[in-house]
Amino acid sequence: DSGVTQTPKHLITATGQRVTLRCSPRSGDLSVYWYQQSLDQGLQFLIQYYNGEERAKGNILERFSAQQFPDLHSELNLSSLELGDSALYFCASSVKASGRPGELFFGEGSRLTVL
Amino acid sequence: LAKTTQPISMDSYEGQEVNITCSHNNIATNDYITWYQQFPSQGPRFIIQGYKTKVTNEVASLFIPADRKSSTLSLPRVSLSDTAVYYCLVGDFGGGGADGLTFGKGTHLIIQP
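Below, the structure is looked at part by part. Per chain, residues are indexed from 1 in the order of the written sequence. In the order they appear in the text, chains get letters beginning with A and ligands get numbers beginning with 1. Local features in this predicted model are restricted to residues of pLDDT 70 or higher, and side-chain atom pairs are both shown and tallied only at a pLDDT of 80 or more, whereas totals for entire chains, interfaces and linings draw on every residue. Calculated side-chain values reflect all of the structure's heavy atoms, with hydrogen atoms and water omitted.

Digging into the sheet that holds strand β9 (residues 107-112) of chain B
Residues and elements named next belong to chain B.
- If you trace the 5 strands from one edge of the open sheet to the other, you get β1-β9-β8-β3-β4, paired in mixed fashion. With partners counted over all chains shown, the strands left at the sheet margins are β1 (9-13) and β4 (45-50), one partner each. Here the average twist between neighbouring strands, direction ignored, is 25 degrees.
- Paired strands, as defined in this entry, are two strands with at least two bridges between them according to DSSP. Every helix listed is a DSSP run of H or I at least four residues long, and every strand listed is a run of E at least two residues long, numbered separately from the N terminus. Pairing geometry for strand β8 (residues 84-91) and β9, over 3 bridges, is antiparallel. Each residue of the ladder has a partner; that of Ala84, found in β9, is Leu109. As a rule, the C-alpha atoms of each element are fitted with a line to give its axis, helices using only the stretch in contact, and angles between N-to-C directions run from 0 to 180 degrees.

And the structure:
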């Protein structure tokens, strides 16, 4: 158990719809990262937040947005969903002053299926 | 983050030692080398990290030559459960943390009986 909690674990929806994925980082972790992993693809970095502020942005579509709240949990909003958005969405967290820089703790992921 | 190159896939057998090499020719002075393991439908898990020479922990060893332009993850006496994707990442993680940590496609290691 990494200590990172993601909900929901599975989600099935239709094209054109909007969904929200939720992530609770490990206690004390200030950074939250979102990744997308499609079938047979590597992990695509979407976006990172640190203590409520956007820290880094990757290949995140304009239809997607995210935020980190004061209690440090984060939400990833996916709108106008397309079939190609079907994927595993991972959240990870890290501690800035960790003894092992670059160590991320990943949640179990949210599997999104768009029909 | 420094670009990395690693084999797409590798095969081995139970009980063998497996070495996965990652090239990172443009590694910067402050960059660390980190390896992750990912099983199907699970999030990646940190395996090992190093800066230079050799690092060993309970699951793996990491060998880094003096020029640091490559690194080798060594898994001793692999078992079927070591079948997974292994990612090599290089970056300056020490200052503001692991900003925009990008994973490539990794190396798909398949262990056979």
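Thoughts on the sheet that holds strand β1 (residues 5-7) of chain A
Residue and element names in this part refer to chain A.
- If you walk across this open sheet you meet the 4 strands as β1-β3-β8-β7, and the pairing is antiparallel. At either end of the open sheet lies a strand with only one pairing partner, and these are β1 and β7 (64-68). Ignoring strand direction, the axes of neighbouring strands in this sheet form an average angle of 15 degrees.
- Here β7 pairs with strand β8 (residues 74-78) via 5 bridges, running antiparallel. Opposite Ala66, over in β8, you have Leu76 as the bridge partner.

Brief notes about the environment of Ile20(B)
- By the element assignment, Ile20(B) lies in strand β2 (residues 18-23).
- Residues Ile20(B) and Gln38(B), 18 residues apart in the sequence, show an inter-C-alpha distance of 15 Å.

Some details on the environment of Ile111(B)
Residues and elements named next belong to chain B.
- In this fold, Ile111 is placed in strand β9.
- The sequence separation of Ile111 and Ser79 amounts to 32 residues, and the corresponding C-alpha distance is 6.7 Å.
- Once residues lying within four places of it in the same chain are set aside, the contact partners of Ile111 are Ser12, Tyr13, Glu14, Val18, Val78, Ser79, Leu80, Asp82 and Thr83. We call two residues contacting when some pair of their heavy atoms lies within 4.5 Å.

Digging into the pairing of β9(B)
Residue and element names in this part refer to chain B.
- Buried, partly exposed and exposed residues are distinguished by accessible area as a fraction of the type maximum, computed with a 1.4 Å probe on protein chains only: under 20%, between the cut-offs, and over 50%, respectively. Where burial is concerned, the two faces of β9 differ: the one with Thr107, Leu109 and Ile111 is buried and the one with His108, Ile110 and Gln112 is not.
- In this structure, β1 lies alongside β9, joined through 5 bridges in parallel fashion. Within β9, the position partnered with Asp11 by the bridge is Ile110.

Remarks on unusual backbone geometry
- Note that the residue after Thr7(A), namely Pro8(A), is joined by a cis bond; omega there is -5 degrees.
- By secondary structure assignment, the location of Pro8(A) is in the loop between β1 and β2 (10-13).
- A positive phi is found at Ser80(A), a non-glycine position, where the angle reads about 45 degrees.
- With respect to the secondary-structure elements, Ser80(A) resides in the loop between β8 and β9 (87-94).
- Non-glycine residue Arg77(B) carries a positive phi angle of around 45 degrees.
- Along the chain, Arg77(B) falls in the loop between β7 (70-75) and β8.
- For Arg77(B), a relative accessible area of 65% translates into the label exposed.

Description of the packing of aromatic side chains
- In this analysis, rings of Phe, Tyr and Trp, with Trp reduced to its six-membered ring, are considered paired at centre separations within 6.5 Å, and the interplanar angle assigns stacked below 30 degrees, edge-to-face beyond 60, and tilted for intermediate values. Taken as a whole and assessed by the stated rule, the structure comprises 7 aromatic pairs over all chains.
- Taken together, a centroid distance of 5.6 Å and an interplanar angle of 45 degrees make the contact between Tyr35(A) and Phe106(A) tilted. Separated by 71 residues along the polypeptide, Tyr35(A) in strand β4 (residues 31-37) and Phe106(A) in strand β10 (residues 105-106) bring together distant segments of the chain.
- Centre to centre, the rings of Tyr36(B) and Phe46(B) are 5.9 Å apart; their planes meet at 85 degrees, and the pair counts as edge-to-face.

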